[in-house]
Amino acid sequence: MAELDVEIVAADHFVWSGAATLVKARTSNGDIGVLPGHTPVLAVMEPGQLEITPVSGSKVLVDAEGGFFSVDKDRVVIVADNARLQDAATAGNR
Amino acid sequence: MGAQIRVYRQKIASTQSMGKIFKAMELIATSRIGKARSRMTASLPYANAITRAVSAAASQSEVDHPLTTEPEQVRRSAVLILSSDRGLAGAYSASVLKQAEGLTELLRDEGKEVKYYLVGRKALAYYDFRGREYAKVWTGGTDNPDFETAREIGATLLEDFATDFAEGGVDEIHVVYTRFQSMVVQEPVVTRLLPLEVVEGDAPADSSELLPLYEYEPEPEEVLDALLPRYIESRIFAAMLQAAASELAARQRAMKAAGDNATELVKKYTRLRNNARQAEITQELTEIVGGADALNAS
């Protein structure tokens, strides 16, 4: 239970998935940080940057032009419009 | 050289060059199917995630969202038809259009007006030729659809959905497309996009697992506002990808059949040509022998 299962998908391709300890995203109400054990949330994202801290390795930064994300039993699904990984080296980490 | 032989030679040459074209088109279609199918698979995670979220939001919240509530009276329906840009794909476009005709009849019987939205030049040609009206048409790239087009179609449909009936708006939206089941089976189907009939994914396997009770950020209405257009876009995009894969598969099969037929024809014409040549030789010989006999007899 101590880690989040994160999946980031864009409309026509898969972006990133893996285990993480913290996910930061920008919603219309402000930034939200999701830690393991978070209550189920369905939120609309603003254009901006997502920050994911994986269990191992360096932080993953993703640019997204809006979208939404859902948190449900430590499973985070981020549906982003035109999402791009900022660091190509971490792509396909699974 | 006899006239008959020349005719057969010409037929063989033209059939052979057609056969080459069919073969090339078959190979092109085959090589593109793989890509179309992988795009179909690539769009699945998005579609699944969005369907799940919409299901959860629509089934749990007591929000009366215009997109989820059934109108009391449906007077006009929008029908989006996904056909192809090019022919030479067997009955692909014809069967989609036939399906659309069936749907139209059904809707008219229920006393609804039908407003068409077309995708692909084949559908456009069909409606233009019959002088029928349509609201909007998108052409180009049906065998390789991009998300921008899906977004545009979604936006247009939603806009008309939000418009009043009196001003030309629609009360429900149907999509006619070809579902890609396998390389050999593609089936034209009709789905209703709006009002929503949210179905949870394709896999009801873990139906025992309840959908989580979400908190909404910012408000349920706003979340639905943001979710539903995306859901519609993703459904349309998925339909377009299925249609593209089906089109390519249909084209591949049609071109294979055409190529096989060309080979058969070449074989048949070659026999006929040989026959004609042999007949000509025989005739010449009989003439010579006949002439010689006549000379000897005299």
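Just above sits the structure.
All of the points below concern the structure found in this document. Model, not experiment: these values are computed from the prediction.

Here we take up the sheet that holds strand β5 (residues 186-194) of chain B. Residue and element names in this part refer to chain B. Strand order in the open sheet formed by five strands is β3-β2-β1-β4-β5, with mixed pairing between adjacent strands. Edge positions in the sheet fall to β3 (136-138) and β5, since each of these pairs with one other strand and no more. Along the sheet, successive strands turn relative to each other by an average axial angle of 25 degrees, direction set aside. Strand direction decides the pairing type here: strand β2 (residues 113-119) and β3, joined by three bridges, are parallel. By the bridge assignment for β3, L118 is matched with V137.

The next point concerns the interface of chain A and chain B. Across the boundary between the two partners, chain A contributes 22 residues, which contact 24 residues of chain B. Ranked by residue count, the leading element in the side of chain A that touches chain B is strand β4 (residues 41-45) of chain A, at four residues. Along the lines of polarity and charge, the residues of the side of chain A that touches chain B split into 12 nonpolar, six polar and four charged. Pairing geometry for β4(A) and strand β6 (residues 215-217) of chain B, over three bridges, is parallel. Along β6(B), the bridge assignment pairs A43(A) with E217(B).

In regular strands, side chains alternate between the two faces of the sheet. All names here are of chain A. Both strand β1 (residues 4-10) and strand β2 (residues 14-27) contribute to a ladder of six bridges, which runs antiparallel. Paired with V6 across the two strands is G18, which belongs to β2. Hairpin connection from β1 to β2: three residues lie between these consecutive antiparallel strands. Here β2 runs beside strand β5 (residues 48-54); their pairing, made up of four bridges, is antiparallel. The residue bridging L22 from the neighbouring strand is T53, located in β5. Alignment of β2 against strand β3 (residues 30-34), held across five bridges, turns out to be antiparallel. Note that in β3 the partner of K24 across the bridge is G33.

About the thresholds
Residues numbered from 1 in each chain as written. Chains lettered and ligands numbered in written order. Predicted model: local features only at pLDDT ≥ 70, side-chain atom pairs only at ≥ 80, totals over all residues. Pairing = 2+ DSSP bridges. Helix = DSSP H or I, 4+ residues; strand = E, 2+ residues; numbered from the N terminus. Axes fitted to C-alpha atoms, helices over the stretch in contact; angles between N-to-C directions. Contact = placed C-beta atoms within 7 Å. Nonpolar A, V, L, I, M, F, W, Y, C, P; charged D, E, K, R; others polar.

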